[in-house]
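Here is how the chains run, residue by residue.
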Amino acid sequence: KFAENFSALAVTYGFRGSPHIDKQNTAPFYGMSLGSFPDGEGGVCVEVDAFTVCQVNTKNRLGKIDGRFPHWVAPYVEGKERYSLIYYSTWQKYVPPGPAYFGEEVEEII
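Residues numbered from 1 in each chain as written. Predicted model: local features only at pLDDT ≥ 70, side-chain atom pairs only at ≥ 80, totals over all residues. Heavy atoms only, no water.

Colleague: Hey, could you run me through the sheet that holds strand 6 (residues 71-73) in this one?
Modeller: Where strands meet in a sheet, backbone hydrogen bonds hold them as pairs that are either parallel or antiparallel. Strand order in this open sheet of 3 strands is 4-3-6, and the pairing throughout is antiparallel. Looking at which strands have only one partner, the edges of the open sheet turn out to be strand 4 (52-56) and strand 6. When the angles between neighbouring strand axes are averaged without regard to direction, this sheet yields 25°. With 3 bridges joining them, strand 3 (residues 44-49) and strand 6 adopt antiparallel strand pairing. (Pairing = 2+ DSSP bridges. Helix = DSSP H or I, 4+ residues; strand = E, 2+ residues; numbered from the N terminus. Axes fitted to C-alpha atoms, helices over the stretch in contact; angles between N-to-C directions.)

Written out as structure tokens, the structure reads:
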């Protein structure tokens, strides 16, 4: 169903970024990461509230995160490959922000 609701796809390799907010998003995004980095690393961290950070495992699976909350890529082993696919919307129907994440995973892909 999410495939009907995204307007853009970001494809990255080796991305490591600082915490940020996707102000242009109109709804939560779906993200997946692939590569040789270890399981349990390189997911997406998101601030749930002022005292809580959740790490969403996106390796070989889709995670649903609201990018309008501060989020970033969790650390992963230097020198390992990490690709990501981020499906997001900037012009389709507006969905009010929250929650920051939607469970640990949406579905296993590989």
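Let's pick the thread back up.
Colleague: Which parts of the structure should I look at to understand the environment of Gly103?
Modeller: Inspection of the secondary structure puts Gly103 in the loop between strand 7 (82-88) and strand 8 (107-108). For the pair Gly103 and Val56, spaced 47 residues apart in the sequence, the C-alpha separation amounts to 7.9 Å.

Colleague: Any chance you could explain the side chain of Asn25 here in plain terms?
Modeller: By secondary structure assignment, the location of Asn25 is in the loop between strand 1 (8-13) and strand 2 (29-35). Not counting residues within four places of it along the chain, the set of residues in contact with Asn25 comprises Arg68, Tyr88, Ser89 and Thr90. (Contact = heavy atoms within 4.5 Å.)

Colleague: Whenever I open this one, the pattern of salt bridges confuses me. Can you help?
Modeller: Any two side chains of opposite charge can pair, so long as their charged atoms come close to each other. Applying the stated criterion across every chain, the model contains 3 salt bridges. Between Lys59 and Asp39 there is a salt bridge; the shortest N-O distance is 3.4 Å. Here the residue Lys59 occupies a position in the loop between strand 4 and strand 5 (61-65), and Asp39 occupies one in the loop between strand 2 and strand 3, the gap between them amounting to 20 residues. Note on Lys59: relative accessible area 11%, which makes it buried. (Salt bridge = Lys/Arg side-chain N within 4 Å of Asp/Glu carboxyl O. Buried < 20%, exposed > 50% of the residue type's maximum accessible area, 1.4 Å probe, protein only.)

All we've got here are geometric facts, nothing functional implied.
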